[in-house]
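So you can see what is in the structure, the chains are spelled out below.
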Amino acid sequence: MTAEPDYKDIPGTYVFDAEQSRKGYGLNQFCMSLRGAANRDAFRADEAGYLKRFGMTPEQEQSILTRDWNRMLELGGNIYFTAKLAATDGITFQDLAAKMTGVDRDTYRAMMLAGGRPIEGNRSKKEWEGR
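About the cut-offs
- Residues numbered from 1 in each chain as written.
- Predicted model: local features only at pLDDT ≥ 70, side-chain atom pairs only at ≥ 80, totals over all residues.
- Heavy atoms only, no water.
- Helix = DSSP H or I, 4+ residues; strand = E, 2+ residues; numbered from the N terminus.
- Buried < 20%, exposed > 50% of the residue type's maximum accessible area, 1.4 Å probe, protein only.
- Contact = heavy atoms within 4.5 Å.
- Areas by Shrake-Rupley, 256 points an atom, 1.4 Å probe, with all protein chains shown as cover.
- Axes fitted to C-alpha atoms, helices over the stretch in contact; angles between N-to-C directions.
- Parallel < 35°, antiparallel > 145°, perpendicular 65-115°, else oblique.
- Nonpolar A, V, L, I, M, F, W, Y, C, P; charged D, E, K, R; others polar.
- Phe/Tyr/Trp six-rings, centres within 6.5 Å; stacked < 30°, edge-to-face > 60°.
- Left-handed = near helix turned anticlockwise from the far one by under 90°.

A. Here's a closer look at the overall build of the chain. The secondary structure content of the chain amounts to nine helices and zero strands. Counting only residues that meet the buried cut, the chain has 34% of its 131 residues in that class. Considering only contacts in the chain between residues 6 or more positions apart, those separated by 24 or more positions represent 49%. Accessible area for the chain stands at about 8,300 Å²; split by element, carbon and sulfur atoms hold 51% of it.

Right under this line is the structure:
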């Protein structure tokens, strides 16, 4: 077995690597299917039924049905693919990012214009050993 990548211990971060890609294949295929209008209509008509087409885990399906955006990423979703679901729901990427950060759009926008999230508490846990 190989050692776990260093980035695995960054709080709240899900790097879309090969492992995440494999884990989230069905979830991401679902999201990409939403590029087609007929698929969006079919999904809106029966969300739970439509999801059965993609071989996802129950946890992945639940994260979609509840629109738990951060959980989708944890379960292998790619942010650019999950944004297709947000767009289907009429949510802009900026609003999606705000939801995922736990703040409203204006607070998120101000944070990004000020340089983004502060690094404190958001870096590798290894950097804080012995402090």
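From this point, the narrative continues.
B. Up close: the side chain of Thr82. In this fold, Thr82 is placed in helix 7 (residues 79-88). When residues no more than four places from it in sequence are discounted, the contact partners of Thr82 are Leu27, Cys31, Trp69, Met72, Leu73 and Gly77.

C. Highlighting the packing of helix 8 (residues 93-101) against helix 9 (residues 105-113). The geometry of helix 8 relative to helix 9 is characterised by a closest axis approach of 9 Å and an angle of 95 degrees between their N-to-C directions. One element, helix 8, and the other, helix 9, form an angle in the roughly perpendicular class. Contacts between helix 8 and helix 9 involve Gln94, Asp95, Ala97, Ala98 and Thr101 from the former and Arg105, Tyr108, Arg109 and Met111 from the latter. A breakdown of the residues in the contact of helix 8 with helix 9 according to their chemical character gives four nonpolar, two polar and three charged.

D. Representation of the packing of aromatic side chains in the model. By the definition in use, this model includes six aromatic pairs. With centroids separated by 5.0 Å and ring planes inclined at 55 degrees, the aromatic side chains of Phe30 and Phe43 adopt a geometry described as tilted. With Phe30 in helix 2 (residues 25-33) and Phe43 in helix 3 (residues 37-45), this residue pair connects regions lying 13 residues apart in the sequence. Here Phe30 falls in the buried class, since its relative accessible area comes to 0%. For Phe43, a relative accessible area of 0% puts it in the buried group. Ring plane angle 65 degrees and centroid distance 5.9 Å describe the contact between Phe43 and Tyr50, whose orientation is recorded as edge-to-face. Take Phe43 and Tyr50: they sit in the same class, and that class is buried. Linked through ring pairs, Phe30, Phe43, Tyr50 and Phe54 together constitute an aromatic cluster.

E. Just unusual backbone geometry, in detail. Even without glycine at this site, Arg67 takes up a positive phi of about 55 degrees. For Arg67, the location among the structural elements is in the loop between helix 5 (58-65) and helix 6 (69-74).

F. Spatial organisation of the packing of helix 2 against helix 7. The contact between helix 2 and helix 7 brings their axes to 8 Å, and the two run at 45 degrees. Judged by the angle between their axes, helix 2 and helix 7 are oblique. Relative to helix 7, the crossing made by helix 2 is left-handed. Only Phe81, Thr82, Lys84 and Leu85 of helix 7 make contact with helix 2, whose side of the interface consists of Leu27, Asn28, Phe30, Cys31 and Met32. Class assignment of the residues belonging to the contact of helix 2 with helix 7 gives a composition of six nonpolar, two polar and one charged.

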